[in-house]
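# Secondary and tertiary structure notes
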Amino acid sequence: MDKERYEQLRLGERGAMISIAAYICLSIIKLLIGFSAQSEALKADGFNNLTDIIASIAVWIGLRMSQKPPDEDHPYGHWKAENIASLVASFIMVAVGLNVLHKAVVSIFSDELVVPDMLAAWTGLLCAIVMYFVYRYNKALSQRVKSQSVLAAAKDNLSDAWVSIGAAIGIIGSQFQLPWLDPLAAIIVGLLICKTAYDIFYDSSHQLTDGFDEQLIEEYKESILNTTGVAGIKDIRARNYGNNTVVDIIIVVNENLNIRTAHDISSKVEEKLISEYDVYNVHVHVEPS
């Protein structure tokens, strides 16, 4: 099981590396054209991609660290390094998002608003198409390897595609004697960066503080109660270690059963959760009714 999970993490690295390569290329193109075409929106989009490079590197490092086997200091392994990487990425993104917002607000109230060249708009649209395909790849990969950090990267990819489209719309609108639309688009870009950062922060911190989907807990309960021999459930808890789910449960069985029969029932509960919900580990405690 562990070997398979570590292999999934190695596959997850591909998504991070593809994102890094795409962001490096796109940020260079956007910043060069953004400055030459005098487009605040495209420059903001380019700076956004610079943060995405750092965030993707953080995700890649997290995936690498998660592959370290358990040791004396980490008897449960290093799975949570993946969540920490996503958390760090969110901090980087919100810092740049606020910086983009500040520059855009200053620009919109400037006395010298410049109408950017249409080349900036075409650049934004082309980059949006590229990022959409990167998003599709990373989303499919995250579902395949069940990785929270790769899914966070995919969400960021989609957000970047929308950001580029928004920048292009602002640039096109500024051509119709509305030059303030370009910095306004930059403000929207900054807000989208901060929104994406918050979403990633929320998901990562929720898992790091052992938060878990209540609906999924109810599904676990229903499945366990349908297991032959289980008379009831006294307590059930679940948490995540990276992309791995661990469940602790206390089941109630008939008090007249012998130890081996009670053990067999607990084994059935373990096997059911692992096979039906891909739970990584299940701890079952048995109590008499």
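Residues numbered from 1 in each chain as written. Predicted model: local features only at pLDDT ≥ 70, side-chain atom pairs only at ≥ 80, totals over all residues. Heavy atoms only, no water.

Turning our attention to the pairing of strand E1 (residues 232-241). Pairing between E1 and strand E2 (residues 244-253): nine bridges, direction antiparallel. Across the sheet, residue glycine 232 finds its bridge partner in E2, namely valine 252. What sits between the antiparallel neighbours E1 and E2 is a turn of two residues, in which glycine 242 has the positive phi angle 65 degrees. (Pairing = 2+ DSSP bridges. Helix = DSSP H or I, 4+ residues; strand = E, 2+ residues; numbered from the N terminus.)

Mapped onto the fold, valine 284 is located in strand E3 (residues 281-288). Not counting the four nearest positions on each side in its chain, valine 284 is found in contact with Ile249, Ile251, Ser266, Val269 and Glu270. (Contact = heavy atoms within 4.5 Å.)

We now examine a nonpolar patch on the surface. Side chains of Trp162, Ile172, Phe176, Leu178, Trp180, Leu184, Ile188 and Leu192 sit close together on the surface and give an oily, nonpolar patch of about 730 Å² of accessible area. Contributions of two or more residues to the nonpolar patch are made by helix H5 (148-174) and helix H6 (181-208). The biggest single contributor to the nonpolar patch is H6, with three residues. Of note, leucine 192 is situated in helix H6. For leucine 192, a relative accessible area of 31% translates into the label partly exposed. (Patch = residues over 30% accessible without salt bridge, like charges linked within 9 Å, V, L, I, M, F, W, Y side chains within 5 Å. Areas by Shrake-Rupley, 256 points an atom, 1.4 Å probe, with all protein chains shown as cover. Salt bridge = Lys/Arg side-chain N within 4 Å of Asp/Glu carboxyl O. Buried < 20%, exposed > 50% of the residue type's maximum accessible area, 1.4 Å probe, protein only.)

A few words on the confidence of the model for the protein. Overall, the prediction assigns the protein a mean pLDDT of 83, with 96% of residues at 70 or greater. Within the protein, the element-level pLDDT minimum falls on helix H3 (residues 81-108), averaging 80, and the maximum on helix H7 (residues 214-225), averaging 91. (pLDDT = per-residue confidence, 0-100.)

Another point: unusual backbone geometry. At aspartate 210, a residue that is not glycine, the phi angle is positive and equals roughly 65 degrees. With respect to the helices and strands, the residue aspartate 210 is situated in the loop between H6 and H7. Residue class for aspartate 210 comes out partly exposed when judged on its relative accessible area of 37%. Backbone geometry at aspartate 278 places phi at a positive 55 degrees, although glycine is not the residue there. Residue position: aspartate 278 is located in the loop between helix H8 (259-277) and E3. Taking the relative accessible area as the measure of exposure, aspartate 278 reaches 29% and is therefore partly exposed.

Turning to the packing of H3 against H6, a few remarks are in order. A pair of packed helices can be characterised by two numbers: the angle between their axes and the separation between those axes. It is the contact of H3 with H6, at a shortest axis distance of 7 Å, that shows an interaxial angle of 160 degrees. When the interaxial angle is binned, H3 and H6 end up roughly antiparallel. Crossing of H3 against H6: the hand is left-handed. (Axes fitted to C-alpha atoms, helices over the stretch in contact; angles between N-to-C directions. Parallel < 35°, antiparallel > 145°, perpendicular 65-115°, else oblique. Left-handed = near helix turned anticlockwise from the far one by under 90°.)

Okay, the pairing of E3 next. Pairing between E2 and E3: eight bridges, direction parallel. Note that in E3 the partner of valine 246 across the bridge is asparagine 281.

Once that is clear, we can look at the side chain of lysine 43. By secondary structure assignment, the location of lysine 43 is in helix H2 (residues 40-66). Residue lysine 43 is classed as buried on the basis of its relative accessible area, which comes to 14%. Residues within four places of lysine 43 in sequence aside, it is in contact with Leu31, Gly34 and Phe35.

Across all of its chains, the model carries eight salt bridges by this definition. Across the pair aspartate 210 and lysine 80 runs a salt bridge whose closest N-O atoms are separated by 3.2 Å. Taken together, the residues span a long stretch of sequence, with aspartate 210 in the loop between H6 and H7 and lysine 80 in the loop between H2 and H3 at a distance of 130 residues. The partner of aspartate 199 in a salt bridge is lysine 195, with the nearest N and O atoms 2.7 Å apart. Taken as a pair, aspartate 199 and lysine 195 lie in helix H6 at a separation of four residues, close to a single helical turn. Of the residues examined, lysine 195 reaches a relative accessible area of 46% and is grouped as partly exposed.

We now examine a negative patch on the surface. Where like charges cluster on the molecular surface, the negative patch consists of Asp213, Glu214, Glu219 and Glu222. Counting through the fold element by element, glutamate 214 comes out in helix H7. Residue classification places glutamate 214 among the exposed positions, given a relative accessible area of 64%. (Lys, Arg positive; Asp, Glu negative; His and termini not counted. Charge placed at Lys NZ, Arg CZ, Asp CG, Glu CD.)

Attention now moves to the packing of aromatic side chains. Following the criterion strictly, the structure yields six aromatic pairs and no others. Judged by centre distance (6.3 Å) and plane angle (35 degrees), the rings of tyrosine 198 and tyrosine 202 are tilted. In this pair, tyrosine 198 and tyrosine 202 both sit in helix H6, four residues apart, roughly one turn of the helix. Judged by relative accessible area, which is 43%, tyrosine 202 ranks as partly exposed. Each ring, one from phenylalanine 212 and one from tyrosine 220, has its centre 6.2 Å from the other, and the planes form 40 degrees; the classification is tilted. By the burial criterion, phenylalanine 212 is buried, and tyrosine 220 matches it. A connected cluster of aromatic rings, assembled from ring pairs, spans Tyr132, Phe133 and Tyr135. (Phe/Tyr/Trp six-rings, centres within 6.5 Å; stacked < 30°, edge-to-face > 60°.)

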